[in-house]
Each structure stands twice: as C-alpha cells, then as structure tokens.
Number of protein chains: 2
Amino acid sequence: MTVDRLAHILRGHGLKLTSQRRAVLKVIAGSHGHLTPAAIYELVRKEYPTIGLVTVYRMLEVLAELDLVCRVHGETTCRSYMMRRPSGHHHHIVCSSCGKVVDFARCALDELQHRLSRETGFKIQGHLLEFSGLCQGCLGETAAEDHR
Amino acid sequence: MTVDRLAHILRGHGLKLTSQRRAVLKVIAGSHGHLTPAAIYELVRKEYPTIGLVTVYRMLEVLAELDLVCRVHGETTCRSYMMRRPSGHHHHIVCSSCGKVVDFARCALDELQHRLSRETGFKIQGHLLEFSGLCQGCLGETAAEDHR
DNA sequence: ACCTAGTTGAAAATCATTTTCAATTAGTTT
DNA sequence: AAACTAATTGAAAATGATTTTCAACTAGGT
Ligand SMILES: [Mn+2]
Ligand SMILES: [Mn+2]
Ligand SMILES: [Zn+2]
Ligand SMILES: [Zn+2]
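Counting starts from 1 at the beginning of each chain's written sequence and moves along it residue by residue. Throughout, the order in which chains and ligands are written sets their labels, letters from A for the former and numbers from 1 for the latter. In view of the model being predicted, local features appear only for residues whose pLDDT reaches at least 70, and side-chain atom pairs are presented and counted only at 80 or more, with totals across whole chains, interfaces and linings using the full set of residues. Based on all heavy atoms of the structure, the side-chain values leave hydrogens and waters out of the count.

Engineer: Before we go on, may I ask you to explain the overall build of chain A in this structure?
Structural biologist: Of the regular secondary structure elements, chain A holds six helices and five strands. For 148 residues, the compact-globule estimate of 2.2 N^0.38 gives 15 Å, and chain A exceeds it by more than 25% at 21 Å. The dimensions of chain A, computed from C-alpha atoms along their principal axes, are 50 × 50 × 25 Å. A total of 148 residues make up chain A; the buried ones form 43% of that total. In chain A, 42% of the contacts between residues at least 6 apart in sequence involve partners at least 24 apart. Throughout, the Shrake-Rupley method with a 1.4 Å probe supplies accessible areas, and for residues the shown protein chains are the sole cover considered. Taken as a whole, chain A presents about 8,300 Å² of accessible surface, with 51% of it coming from carbon and sulfur. Where helices and strands are cited, they refer to DSSP runs of H or I of at least four residues and of E of at least two residues respectively, numbered from the N terminus. With the radius of gyration taken over C-alpha atoms, the globule rule is written as 2.2 Å times the number of residues to the power 0.38. Exposed residues in this analysis have more than 50% of their type's maximum accessible area, buried residues have under 20%, and partly exposed residues fall in between, with area computed by a 1.4 Å probe over protein chains only. Any pair of residues with heavy atoms lying within 4.5 Å of one another is described as a contacting pair.

Okay, structure coming up:
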C-alpha cells in the first residue's frame, strides 16, 4: 500500500496529516518485515530526527485501530505460562473468557507447510497454531446471562 | 502432572526443593489456564505471603528451561508490527533471521476447527497461525557461510 | 488571516523485568 | 547432630518499555 493511499485513509477518518505521520508511514510501508516501536522510531529518526518516540507509539495505536497494521507473533514474546501437560509437539485451544486451555496434538499442517515452502522459497522450521473461543463452562454462563 | 513428580524432576537436575518452589509449582500445576508472572505471584501469596515476585520470575525461568511450561500467545500481546498488505483473513511466514514476512491466505483450518469444536465443546471463534523459518535470501547467506 | 480541535514532544509516571547483594537455607559431608 | 557450602531468597535498585500529563504548536477549515 502506498503512503499516499494510507494518508488518504487517515484523512478520511478525520485525522490530520502531519509530516511526522508521513515519516512513520513511509518507514512502515517501505519495510518488508515486522518492526518494534523502538525499531520504527530509530528508522524514522534518520529522516525526521526530532520526532518523539511517543509519536511513534501513538501512530501505531491509530494504525492498529484502523486495522492497517498486522501484528507478528514471536516465539518467545509472550509471557503467559501454564504447566506443560502433553510432552510432545502440540497446540492449544484457549478460552478468551476464563483462560482455560485444552491441548491437541494432530495439527496436520505438513501439507500446507510443504506447499508454502514450495511457493515462497522459505525453509520452514516451525509453526505457531492456537485456537481461541469460549469453553463449555463460559458458554453456559453467557447463555444464562442472555436468558435474564 | 503432580507436584511431587515435578519436584522430583527439579531435584533430578540438581535444583533445591524450597517451600517457595513447592508453592509456585502447586499453583501452576493446579491451574487449568495460563497465568502471567504477576497472576501466579498473587495466587502464590495466598499460601506463602512473604514470597518475592523475583522468585516467581526465577521459577518460571527454570521451568521454561526444563521445558515444563507451555507458553500461551494472546491476540494482542505482541508488539511487532508491519503494514497490512492483504485486506482479508490471512497469515504470515516469518523469517527468523531478517524478519521478512510473506502472507498467505488459504489456511484450510475449518475441518480441524470443527473436529476440535466437537471434541472439546469449545465455541471456536478465531485462530492464530504463523510459520517461521528462513527466507530465500537468508538461506543463501547461511549456505555461503558454510562454504567458507 | 484566524480559529480550533487535533497533534506533538519533553518530562514524569507507571508498569514489567532484571540485576545486585547480603542473609538464609537445602542437602550434603563430617 | 553439628558443620559446611553452593544454591536460593527477597529487598532494593537498575533497567526498559509503555502510558500519562500538559503546555506549545499546527493542519485544515472558515
Ligand atoms: Mn500445552
Ligand atoms: Mn499480514
Ligand atoms: Zn472459559
Ligand atoms: Zn530472511
């Protein structure tokens, strides 16, 4: 997506077009990888040395709000833990209401993985898969609430 | 996994069995959901009010080292961003070396999702899927290095 | 040119995590 | 049972990331 197109979208939402915002957009739109706020800040500073880190944070908030950025998950960037129950390769279904977790093993991603490897040239080494929703218990509760 | 079994594993790795560690183990092993360090700390304090938050952090480090805990990823707990390229539902393949991201759309998880929903009683509302590996460029570089 | 709501950035506040260090203790050795 | 010792603990300080506050500034409308 071009910076001008993005700028137009922002304006369409009643947001002002400042040179700081343009600079941030240029950096994020011009990169082919994911960037942390700090990394974006460092890159933007080369073009706009007086920009504040706060402005980068605020810009990311706006972009996330408008669903213009994607979040990328790192293997080790989450600090929510639970005791490991199955010992081998497995994944989780997480209840977004109470946090309950159920494990499952057969993810059947080999076929997809091979296809993607072929199509993108990546040597794929791992995957992250997680389902989210409501557990039976929490489903019952919301049903009971709806009933009142 | 029982606390005694866990305690035994720790001891097998030359780690001392303190009452603090027992208390932390009891809380994590007794929960059916994922917990942040702060949440674990609050729960442990009920049984062991003088424990320090530092001890919880250290215990989690140990458990992660021995691969006795699982990490759970939250939708919004990662702060690495990139500009959104496709507009609809899609996923990422991330290069663990340079951070490059390639998108793909057909994840074909419906079948799996239905099976899991049936088997677990969850109302599944979303999923998180991400592949990681090395992009073509970074593959070339490591090959060149190996050649020297 | 003027107005004004939105925006900015320095600084302080808040929150999470790590480091430091002196005191304590688990598990071993006498 | 007492002594020993390396591992462990927790208060406090240090570090790092993110948010809040607020006075000054500016984009875009009139
Ligand atoms: Mn698990
Ligand atoms: Mn994407
Ligand atoms: Zn639930
Ligand atoms: Zn790469």
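Further notes follow.
Engineer: Looking at this structure, I do not really get the coordination of the manganese ion (ligand 2). What am I missing?
Structural biologist: Under ideal tetrahedral coordination, the four donors around a metal are separated by 109.5 degrees; under ideal octahedral coordination, the six donors are separated by 90 or 180 degrees. Atoms are scored as donors when they are N, O or S and lie within 2.8 Å of the metal, with 3.2 Å used for Na, K and Ca; no water is included, so coordination may look incomplete. The protein atoms donating to the manganese ion (ligand 2) are Cys70(A) (SG), His90(B) (NE2), His92(B) (NE2) and Asp103(B) (OD), with metal-donor distances spanning 2.1 to 2.7 Å. Of this pair, His92(B) sits in strand β3 (residues 91-95) while Asp103(B) sits in strand β4 (residues 101-104), placing them eleven residues apart in sequence. For His92(B), a relative accessible area of 6% gives the class buried.

Engineer: I would appreciate a short explanation of the coordination of the manganese ion (ligand 1) in the present structure.
Structural biologist: Every protein donor of the manganese ion (ligand 1) is accounted for by His90(A) (NE2), His92(A) (NE2), Asp103(A) (OD) and Cys70(B) (SG), and the metal-donor separations fall at 2.1 to 2.7 Å. One end of the pair, His90(A), is in the loop between β2 (80-83) and β3 (91-95); the other, Asp103(A), is in strand β4 (residues 101-104), with 13 residues separating them in the sequence.

Engineer: It is not clear to me how the domain arrangement of chain A should be interpreted in this structure. Could you clarify?
Structural biologist: A common measure of how large an interface is: the accessible area buried when the components associate. Residue and element names in this part refer to chain A. An automatic or database domain assignment supplies the start and end points of every domain. Split into domains, chain A comes out as domain 1 (1-88) and domain 2 (90-148). Using only C-alpha atoms to locate each centre, domain 1 and domain 2 end up separated by 26 Å. Opposite the six residues of domain 1 that make contact, domain 2 presents six residues. Accessible area that two parts lose when put together, with a 1.4 Å probe and added across both, is what the buried area reports. Contact with domain 2 buries area across many residues of domain 1, yet Met82, Arg85 and Pro86 alone supply 58% of it, more than any other trio. Every case where a carboxyl oxygen of Asp or Glu lies within 4 Å of a side-chain nitrogen of Lys or Arg is listed as a salt bridge. Where domain 1 packs against domain 2, one counts one salt bridge. For aspartate 103, the salt bridge is made with arginine 85, and the minimal N-O distance between the two is 2.9 Å. Counting of polar contacts relies on pairs of N or O atoms within 3.5 Å, with two restrictions inside protein: one atom must be capable of donating a hydrogen and the other of accepting it, and residues adjacent in sequence are counted only when both atoms are side-chain atoms. Here domain 1 is connected to domain 2 by three residue pairs in polar contact (both at pLDDT 80 or more). For this classification, Asp, Glu, Lys and Arg are treated as charged, while Ala, Val, Leu, Ile, Met, Phe, Trp, Tyr, Cys and Pro are nonpolar and the rest, including Gly, are polar. Within the side of domain 1 that touches domain 2, the residues separate by chemical class into two nonpolar, two polar and two charged.

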